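Architecture and fold: a report
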Amino acid sequence: HTEWVREPASTPFPAYDISLSARDMARFGQLYLGDGSWNGRRLLDPAWVRESTTAHSRTRRSGLLSGYGYLWWAARDWAEDQNFTAYSAVGNGGRYITVAPSLGLVIAVQPNERRGWPPVRLYADRCAYSDQVGRLIHGLGGPDLGGSCS
């Protein structure tokens, strides 16, 4: 289920008003994993997929959020140190789409938030998600990226 509500008084950045289900988030990640193809149909130029998910700047973070492309966080230091790439779309409230192409892996996280509940740890602790994904990647045969967030 996808919802895009645009209120006249809302932010001028339309991406902020998109609400996606975890399934739709995973589909978006799968589109990027497939270099812009979906069910055999080319929807995005593969050059754009590579360009947008490549870190063009270095952040002050490490691990999954160590670089930034075009609206994608890129694991720049993983690529340099481990010859491994992964990139993530990160949304408000602990929403994540992570793609690890060499493992054929897409991860979509959509927390179930309710008023009055404490913040989701994956959102409140900026290292929690990167560390969890690092352990998962290692468990699936990828490089050992444990303790990668700082």
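Scroll up for the structure.
Residues numbered from 1 in each chain as written. Predicted model: local features only at pLDDT ≥ 70, side-chain atom pairs only at ≥ 80, totals over all residues. Heavy atoms only, no water.

**Some thoughts on the side chain of S88**
Structurally, S88 is set in strand β8 (residues 87–91). In terms of polar contacts, S88 uses its side chain to reach the side chain of T98, at 2.7 Å. Beyond its immediate chain neighbours, meaning those up to four positions away, S88 contacts L64, W72, W73, I97, T98 and Y129. (Helix = DSSP H or I, 4+ residues; strand = E, 2+ residues; numbered from the N terminus. Polar contact = N/O pair within 3.5 Å; in protein donor to acceptor, adjacent residues only side chain to side chain. Contact = heavy atoms within 4.5 Å.)

**Looking at the pattern of salt bridges**
Evaluated as defined, the whole model comprises 1 salt bridge. Two residues, R27 and D24, come together in a salt bridge whose shortest N-O distance is 2.7 Å. Here the residue R27 and the residue D24 both occupy positions in helix α1 (residues 22–33), the gap between them amounting to 3 residues, near one helical turn. The exposure class assigned to D24 is buried, which follows from its relative accessible area of 14%. (Salt bridge = Lys/Arg side-chain N within 4 Å of Asp/Glu carboxyl O. Buried < 20%, exposed > 50% of the residue type's maximum accessible area, 1.4 Å probe, protein only.)

**Focus: the nonpolar core**
L64, A75, F84, A86, Y96, A100, L105, I107, V109, Y129, V133 and I137 together form the largest nonpolar core, which totals 12 residues. The set of elements that each furnish at least two residues to this core consists of β9 (95–100), β10 (105–109) and α5 (128–139). With residues near it in sequence (within four places) discarded, L105 still touches L33, T98, V99, A100, L136, I137 and L140. (Core = buried A, V, L, I, M, F, W, Y, C linked by side-chain atoms within 4.5 Å.)

**A closer look at the packing of aromatic side chains**
In total, this model carries 7 aromatic pairs according to the counting rule given. Taken together, a centroid distance of 4.7 Å and an interplanar angle of 50° make the contact between Y32 and W72 tilted. Linking Y32 in helix α1 with W72 in the loop between β6 (67–68) and β7 (73–74), this pair joins segments that are 40 residues apart in sequence. Each member of the pair, Y32 together with W72, is buried. (Phe/Tyr/Trp six-rings, centres within 6.5 Å; stacked < 30°, edge-to-face > 60°.)

**Some details on the environment of G142**
Its location among the elements puts G142 in the segment after α5. Exposure remark for G142: the relative accessible area of 13% places this residue in the buried category. For the pair formed by G142 and L103, sequence separation is 39 residues and the distance between their alpha carbons is 7.3 Å. Ignoring any residue separated from it by four or fewer positions in sequence, one finds G142 in contact with L103 and I137.

**Concerning the pairing of β9**
On a regular strand, one side chain projects to one face of the sheet and the next to the other, so that they alternate. The element β9 is extensively covered by neighbouring structure, given that 5 of its 6 residues are classed as buried. Direction of pairing for β8 relative to β9: antiparallel, over a ladder of 5 bridges. Paired with G91 across the strands is R95, a residue of β9. Turn length for the β8-β9 hairpin, with the two strands adjacent in sequence and antiparallel, is 3 residues, and the turn residue G93 shows positive phi of about 80°. Sheet topology note: the β9/β10 ladder contains 5 bridges and is antiparallel. Counterpart to A100 in the pairing with β10 is L105. (Pairing = 2+ DSSP bridges.)

Functional significance is not addressed by these values, which are geometric in nature.
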